[in-house]
Amino acid sequence: MCSRCFTEAPTLITYVGDSIVKIECEKCGYVFRVSKATLCSHLLSNWETRSFSKPLRLAKEIRNDPSRFILTFPFRVMSKPLRMVREVARVVSRES
Ligand SMILES: [Zn+2]
C-alpha cells in the first residue's frame, strides 16, 4: 500500500544487489528512497556477512568444482576490492 495515496497499487522496486534502494508507486508516482546512510550501512553489513561466510563458501566451491576454483581464485581475490568500490560508486551516483 502506498504511503501517499493510500491505495493498493502496483509498485516498481529497484534493487542494488540484495538491497532495496527505491520503491515507486505506479498510480501516483510517489517515490520512496532508502537513505544513502541506511543503504551504505546495509551494504557494509552484507559485505561483513559475506566475508565471514567466505571460508565456508570457498570450501563448498572447492568440493563442488576444484578445477574451476583453482583457475578463477587468483583473479577473484585481486578484483574483489575493485568490485566493492564500483558497487559503492554505483549506489552513490544513482542516489545523488
Ligand atoms: Zn501512490
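Just so it is clear, the model here is predicted, and its values are computed rather than measured.

## Topic: the overall build of the chain
And step 1. Scanning the chain from terminus to terminus reveals two helices and three strands.
And step 2. Within the chain, the fraction of its 96 residues that count as buried is 2%.
And step 3. For the chain, restricting intrachain contacts to residue pairs at least 6 apart in sequence, the fraction spanning at least 24 positions comes to 38%.

## Some details on the environment of C40
And step 1. Residue position: C40 is located in helix α1 (residues 36–64).
And step 2. Judged by the 16 C-beta atoms lying within 10 Å of it, C40 falls in the partly exposed class.

## Looking at the sheet that holds strand β3 (residues 31–33)
Through backbone hydrogen bonds, the strands of a sheet pair up, either in parallel or in antiparallel fashion.
And step 1. If you walk across this open sheet you meet the three strands as β1-β2-β3, and the pairing is antiparallel. Where the open sheet ends on each side, the last strands, each with one partner, are β1 (11–16) and β3. With strand direction ignored, the average angle separating the axes of adjacent strands in the sheet is 20 degrees.

## Re unusual backbone geometry
And step 1. A positive phi angle is found at F6, which is not glycine, with a value near 55 degrees.
And step 2. As for its placement among the helices and strands, F6 is situated in the segment before β1.
And step 3. Its 9 C-beta neighbours within 10 Å are what place F6 among the exposed residues.

## Some points on the environment of M1
And step 1. Residue placement: M1 occurs in the segment before β1.
And step 2. Through-space distance from the C-alpha of M1 to that of C25 is 8.7 Å; in sequence the pair is 24 residues apart.
And step 3. When residues no more than four places from it in sequence are discounted, the contact partners of M1 are F6, T7 and E8.

## Concerning the pairing of β1
And step 1. Burial of β1 is sparse: only zero of the six residues sit out of reach of the surface.
And step 2. One ladder, built from six bridges, connects β1 with strand β2 (residues 19–25); its direction is antiparallel. In the sheet register, T14 faces β2, and the bridge partner there is K22.
And step 3. Between the antiparallel neighbours β1 and β2 lie two residues, among them G17 with a positive phi of about 65 degrees.

## Topic: the pairing of β2
And step 1. The sheet contact formed by β2 and β3 spans three bridges and is antiparallel. Note that in β3 the partner of I23 across the bridge is F32.
And step 2. As consecutive antiparallel partners, β2 and β3 are separated by five residues, and within that stretch G29 has a phi angle of approximately 85 degrees, a positive value.

## Let's talk about the confidence of the model for the chain
And step 1. On average, residues of the chain score 79 in pLDDT, and 82% of them reach the 70 mark or higher.
And step 2. Confidence, expressed as mean pLDDT per element, reaches its minimum in the chain at helix α2 (residues 66–95) with 69 and its maximum at β3 with 91.

Conventions and cut-offs
Residues numbered from 1 in each chain as written. Predicted model: local features only at pLDDT ≥ 70, side-chain atom pairs only at ≥ 80, totals over all residues. Helix = DSSP H or I, 4+ residues; strand = E, 2+ residues; numbered from the N terminus. Buried ≥ 20, exposed ≤ 12 C-beta atoms within 10 Å, placed from the backbone. Contact = placed C-beta atoms within 7 Å. Pairing = 2+ DSSP bridges. Axes fitted to C-alpha atoms, helices over the stretch in contact; angles between N-to-C directions. pLDDT = per-residue confidence, 0-100.

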